[in-house]
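Observations on the model geometry
Given next are the chains, with one letter for each unit.
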Amino acid sequence: MSEEAIMSEIISAIKGFDTDAAVEAAKKSLEAGMDPVKVIEEGISKALRDVGDRFERGELFLVQLAAAAEAAMQAIKVLEPELMARKVERKVVGKVVIGTVAGDIHSIGKNLVATLLTAAGFDVYNLGEDVPVETFIQKAKEVGADVIAASALLTATREVQRDLAEAIRREGLDVLYIVGGAAVTPEWAEEIGALYAADASSAVKLLTEKLSGRGG
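Conventions used here
Residues numbered from 1 in each chain as written. Predicted model: local features only at pLDDT ≥ 70, side-chain atom pairs only at ≥ 80, totals over all residues. Heavy atoms only, no water. Helix = DSSP H or I, 4+ residues; strand = E, 2+ residues; numbered from the N terminus. Rg over C-alpha atoms; globule rule 2.2 N^0.38 Å. Buried < 20%, exposed > 50% of the residue type's maximum accessible area, 1.4 Å probe, protein only. Contact = heavy atoms within 4.5 Å. Areas by Shrake-Rupley, 256 points an atom, 1.4 Å probe, with all protein chains shown as cover. Lys, Arg positive; Asp, Glu negative; His and termini not counted. Charge placed at Lys NZ, Arg CZ, Asp CG, Glu CD. Axes fitted to C-alpha atoms, helices over the stretch in contact; angles between N-to-C directions. Parallel < 35°, antiparallel > 145°, perpendicular 65-115°, else oblique. Left-handed = near helix turned anticlockwise from the far one by under 90°. Nonpolar A, V, L, I, M, F, W, Y, C, P; charged D, E, K, R; others polar. Phe/Tyr/Trp six-rings, centres within 6.5 Å; stacked < 30°, edge-to-face > 60°. Lys NZ or Arg CZ within 6 Å of the ring centre and 35° of its normal. Expected span 1.5 Å × (residues − 1). Bend = angle between axes of the 7 residues up to and from the residue. Polar contact = N/O pair within 3.5 Å; in protein donor to acceptor, adjacent residues only side chain to side chain. Pairing = 2+ DSSP bridges.

To continue, consider the overall build of the chain. A count of helices and strands for the chain gives 9 helices and 5 strands. When the helices and strands of the chain are placed in sequence order, the string is α-α-α-α-β-α-β-α-β-α-β-α-β-α. At 17 Å, the chain has a C-alpha radius of gyration in line with the 17 Å of a compact globule built from 216 residues. The principal-axis extent of the C-alpha atoms belonging to the chain is close to 55 × 45 × 25 Å. Counting every position in the chain, which comprises 216 residues, the buried fraction comes to 45%. If you take every contact in the chain between residues at least 6 apart in sequence, the share linking residues at least 24 apart comes to 74%. Counting every atom, the chain has about 10400 Å² of accessible surface; 51% of that belongs to carbon and sulfur. Within the chain, one finds 24 positive and 35 negative side-chain charges whose respective centroids are separated by 3 Å.

See the structure below:
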């Protein structure tokens, strides 16, 4: 079976809310020796973006969005061992505190970023969803974080990213602050003084470059 056909199977399974089919397609991708990062970015993430767009347009219900998310996460679990196995000998690139901001309970995009950062050699502290500003700050201080990463799906909760930016400055934390999520744009990130990544792989690339530049 060609890589293109396997990728198509993964996308169809997630868009069809079929967890079993998504898991089977993920297994096929490993058997075919496909790059798990590519499978996540060009298959799973692509399918999720399409489902998310359809939900925003009112074409899908919340239960369908959740079913697609579950299919995606189970497929990623299949890929995770191979992601970790492909890591170069572990040298910690940096410590990342990541979460979805208060008032927002989406997790898929944030978890994709956390997974790929871990695979790239970062120590990742995933705080989960609906995380208050104070929790980000406390955890960053506790672990000596190099990066705080905050995700927001909704325009309303995006304002919490600004509150977090202000708290980081107020506390004098020497961290990189990066934001992402469906509600976030490069212009918004610039406005609040944060870095921006459009997807998981670009977040990994950007943070790796920035921390290398800092000698971190």
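Attention shifts here to the packing of helix α2 (residues 19–31) against helix α4 (residues 62–85). α4 packs onto α2 with a crossing angle of 25° between their chain directions and a minimal axis gap of 8 Å. Our classification of the angle between α2 and α4 gives roughly parallel. Here α2 runs over α4; the crossing is right-handed. Side by side, α2 and α4 meet where T19, A22, V23, A26, K27, S29 and L30 of the first sit next to A67, E70, A71, Q74, A75, V78, L79 and E82 of the second. Residues of the contact of α2 with α4, tallied by class, amount to 9 nonpolar, 3 polar and 3 charged.

Take the side chain of S29 next. Inspection of the secondary structure assignment puts S29 in helix α2. Judged by its relative accessible area of 0%, S29 is buried. Aside from chain neighbours lying at most four places away, what touches S29 is I6, M34, V39 and L79.

On to the packing of aromatic side chains. Counted under the stated rule, the structure contains 0 aromatic pairs. Between R158 and the ring centre of W188, over which it is positioned, the NZ or CZ distance is 4.2 Å.

Along the chain, A189 turns up in helix α8 (residues 186–192). A189 sits 24 residues away from A165 along the chain, and the two C-alpha atoms are 9.9 Å apart. The contacts of A189, once residues within four sequence positions are left out, are V179, A194, L195 and Y196.

Moving on: helix α3 (residues 36–56). For α3, built from 21 residues, the straight-helix expectation of 30 Å at 1.5 Å per residue is met to within 8% by its first-to-last C-alpha distance of 28 Å. The largest bend along α3 measures about 30° and falls at S45. Within the sequence span of α3, burial applies to P36, V39, I40, E41, G43, I44, S45, A47, L48 and V51. Between the side-chain oxygen at the start of α3 and the backbone nitrogen of V37 there is a gap of 3.0 Å, and the oxygen is on D35. One or two steps after α3, the chain reaches G58, where phi turns positive at roughly 80°.

Turning next to the environment of A183. Here A183 lies in the loop between β4 (176–180) and α8. Expressed as a C-alpha distance, the spacing of A183 and A156, which sit 27 residues apart in the sequence, is 8.6 Å. Sequence-distant contacts of A183, that is, excluding residues within four places in its chain, are made with A152, L153, L154, T155 and R158.

Let us now look at the sheet that holds strand β3 (residues 147–151). Across the sheet, which stays open at both edges, the 5 strands sit in the order β2-β1-β3-β4-β5 with parallel pairing between neighbours. Edge positions in the sheet fall to β2 (123–126) and β5 (195–196), since each has one partner strand and no second. Here β4 runs beside β5; their pairing, made up of 2 bridges, is parallel. From the neighbouring strand, V179 faces β5, where its bridge partner is Y196.

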